[in-house]
Amino acid sequence: MPGLKDLAARYGDQGLVLIGVHTANGGERMAAFVEEQGIDYPVAIDRPGKLTVGAFAVDSFPDYYVVDRAGKVRVADLQNGALEATVQALLAEPAPSTLPAELTEAAERAVRKDKRLLVLFGSDGDRAAFNKVSRLDRALRREISNEYEAVSAPLGGSLAAALGVTATEATALALDAGGLPLGSIAMDGLDRERMWAFAREHKVASADAEVILAGALAQATQQKKRVLVHLGAPW
Amino acid sequence: MERDYVTIKIDVERNANGAAVAKRLRGERSGGIPWMVILDADGKELVSSDAPTGNIGCPVQPEEVAWFGEMVQRSSIRLGDDDVAGILVELEAYAKTQRR
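These numbers come from a predicted model, not from an experiment. (Residues numbered from 1 in each chain as written. Chains lettered and ligands numbered in written order. Predicted model: local features only at pLDDT ≥ 70, side-chain atom pairs only at ≥ 80, totals over all residues. Heavy atoms only, no water.)

Colleague: Sorry if this is basic, but what is going on with the packing of aromatic side chains here?
Modeller: Two aromatic rings are characterised by how far apart their centres lie and by the angle between their planes. Residues and elements named next belong to chain A. Under the definition given, this model contains 1 aromatic pair over all chains. Note on phenylalanine 56 and tyrosine 65: the rings are 5.1 Å apart at their centroids and 70 degrees apart in plane angle, and the pair reads as edge-to-face. The exposure class of phenylalanine 56 is partly exposed, given its relative accessible area of 38%. (Phe/Tyr/Trp six-rings, centres within 6.5 Å; stacked < 30°, edge-to-face > 60°. Buried < 20%, exposed > 50% of the residue type's maximum accessible area, 1.4 Å probe, protein only.)

Here it is as structure tokens:
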């Protein structure tokens, strides 16, 4: 319980909502227990007949079920050791939003590949100038390709209006995969250094592979499972 | 698969320390990516996607699908033969869509 209170305190301002469910058996003592322990997140009591326990196929206590920002159960039957890493991973995902139609396909790719969106507002010439800068630096070109799904759009068009872009000069706009604008930069006169800074500032935070592996091994130990590691690359 | 496996994906280029973890797990073995390895909870390798004929990568061809089945057979804890067969049926259904 202290661990859960700590978790709720540390991640509450990022959107974590913790709800406890007590079994119906012994539920009459739950309120006193909650007060005694100083638990400040909501705790419910299951209905007789193990309705909640049965619906979620709970097979051990405590058992955790983690719901994403869109309300979908993303991880079930989770145990203590993997809880925080799972919470961190789901909190890092963008909040659901209504995407302009022009971004739908790119956003789907961005979600699937854990990328951000990059909308280049301007003329063909503006976009060619942008691409020319990135082509001069192979690492920069790869960084943009690895981290962003790029979309082109004219200034003053419907996408600019939908995203609230009022600039009259060519502009690069970074958004999360849910369509939330993160930052923009004027494309006119953009050099490699500023493009690098912009790309780094708005890309998805890189998870540490050592942490991912350690978390998986801890979960495997607790749940008596194996770890299947898939080594991949952006290309 | 979830009954017996905690599945993770490590991007050798985008994840911090991705290349280092890949090097530690794979050593000097080559054969391109994707590459898979199944570890026990202590981190010891049980089996990898290196079939006798080389890395199967993303299993698409029948022999690659078969090796993935071998990987599961060699490492599973709770999954029985029927479970593995069911996994391979699903994988084969996907693989068929990827074959040229």
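Colleague: Just checking my understanding: could you explain the confidence of the model for chain B for this structure?
Modeller: In low-pLDDT segments, the atomic positions of the prediction should not be examined closely. Scored by pLDDT, chain B has a mean of 92; 99% of the residues are at 70 or more. Ranking the elements of chain B by mean pLDDT puts helix H3 (residues 81–98) of chain B last with 90 and strand S2 (residues 35–39) of chain B first with 97. (pLDDT = per-residue confidence, 0-100. Helix = DSSP H or I, 4+ residues; strand = E, 2+ residues; numbered from the N terminus.)

Colleague: Looking at this structure, how should I read the packing of helix H2 (residues 62–75) of chain B against H3 of chain B?
Modeller: Each packed pair of helices is defined by two parameters, the angle between the axes and the distance between the axes. All names here are of chain B. Across the interface, H2 lies against H3 with an axial gap of 10 Å and an inter-helix angle of 150 degrees. One finds that H2 runs roughly antiparallel with respect to H3. Crossing of H2 over H3 shows right-handed handedness. Of the residues in H3, those in contact with Val65, Phe68, Gly69, Val72 and Gln73 of H2 are Asp81, Val84, Ile87, Leu88, Leu91, Glu92 and Ala95. For the contact of H2 with H3, the class distribution of residues is 8 nonpolar, 2 polar and 2 charged. (Axes fitted to C-alpha atoms, helices over the stretch in contact; angles between N-to-C directions. Parallel < 35°, antiparallel > 145°, perpendicular 65-115°, else oblique. Left-handed = near helix turned anticlockwise from the far one by under 90°. Contact = heavy atoms within 4.5 Å. Nonpolar A, V, L, I, M, F, W, Y, C, P; charged D, E, K, R; others polar.)

Colleague: Mind showing me how you'd approach the packing of helix H10 (residues 209–223) of chain A against helix H1 (residues 18–26) of chain B here?
Modeller: Orientation of H10 of chain A relative to H1 of chain B, taken along the N-to-C sense of each, is 50 degrees, at an axis distance of 7 Å. The angle between the axes of H10 of chain A and H1 of chain B places the two elements in the oblique class. From H10 of chain A, Ala209, Glu210 and Leu213 of chain A reach across to H1 of chain B, where they touch Gly18, Val21, Arg24 and Leu25 of chain B. Class assignment for the residues of the contact of H10 of chain A with H1 of chain B results in 4 nonpolar, 1 polar and 2 charged.

Colleague: Sorry, what's going on with the pattern of salt bridges here?
Modeller: One side chain can pair with another of opposite charge once the charged atoms of both are near each other. Applying the stated criterion across every chain, the model contains 19 salt bridges over all chains. With its nearest N and O atoms 2.7 Å apart, the salt bridge here joins arginine 29 of chain B to glutamate 45 of chain B. One end of the pair, arginine 29 of chain B, is in the loop between H1 and S2; the other, glutamate 45 of chain B, is in strand S3 (residues 45–48), and 16 residues separate them in sequence. Among the residues examined, arginine 29 of chain B registers a relative accessible area of 34% and is labelled partly exposed. Each of the salt bridges in this network shares a partner with another, and the network as a whole consists of Arg109, Lys113, Lys115 and Glu149 of chain A. (Salt bridge = Lys/Arg side-chain N within 4 Å of Asp/Glu carboxyl O.)

Colleague: Can you help me understand unusual backbone geometry in this one?
Modeller: Residue proline 62 of chain A is reached from phenylalanine 61 of chain A by a cis peptide bond, and omega for that bond is -5 degrees. Along the chain, proline 62 of chain A turns up in the loop between helix H3 (51–55) and strand S3 (64–67). In this structure, the amide linkage connecting isoleucine 33 of chain B to the following residue, proline 34 of chain B, adopts the cis form with an omega of 10 degrees. Tracing the backbone through its elements, the reader meets proline 34 of chain B in the loop between H1 and S2. If you check the backbone angles, alanine 57 of chain A has positive phi at about 55 degrees while not being a glycine.

Colleague: Just to check I follow, could you spell out the interface of chain A and chain B for this structure?
Modeller: Reports of interface size often rely on the accessible area that becomes lost once the parts have come together. Tallying the contact residues gives 32 residues for chain A and 36 residues for chain B. Taken over both partners, the interface formed by chain A and chain B buries close to 3,300 Å², and the fraction arising from carbon and sulfur atoms is 58%. Looking only at chain A, the three residues that lose the most surface to chain B are Arg226, Leu228 and Leu231 of chain A, adding up to 29% of its buried area. For arginine 142 of chain A, the salt bridge goes to glutamate 13 of chain B, with nearest N and O atoms at 3.3 Å. At the boundary of chain A with chain B, the tally comes to 28 residue pairs in polar contact (both at pLDDT 80 or more). Of all the elements in the fold, those that place two or more residues in the side of chain A that touches chain B are helix H7 (138–147), H10 and strand S9 (226–232) of chain A. By residue number, the principal contributor to the side of chain A that touches chain B is H10 of chain A, which donates 10 residues. A class-by-class count of the residues in the side of chain A that touches chain B yields 15 nonpolar, 7 polar and 10 charged. (Buried area = accessible area lost by both parts, 1.4 Å probe. Polar contact = N/O pair within 3.5 Å; in protein donor to acceptor, adjacent residues only side chain to side chain.)

Colleague: Help me understand a positive patch on the surface, please; the structure alone is not making it clear to me.
Modeller: Residue and element names in this part refer to chain A. A cluster of like positive charges, contributed by Lys132, Arg135, Arg138 and Arg141, occupies part of the molecular surface. Counting only elements with at least two residues in the positive patch, the list comes to helix H6 (124–135) and H7. Relative to the helices and strands, lysine 132 is located in helix H6. (Patch = residues over 30% accessible without salt bridge, like charges linked within 9 Å, V, L, I, M, F, W, Y side chains within 5 Å. Areas by Shrake-Rupley, 256 points an atom, 1.4 Å probe, with all protein chains shown as cover. Lys, Arg positive; Asp, Glu negative; His and termini not counted. Charge placed at Lys NZ, Arg CZ, Asp CG, Glu CD.)

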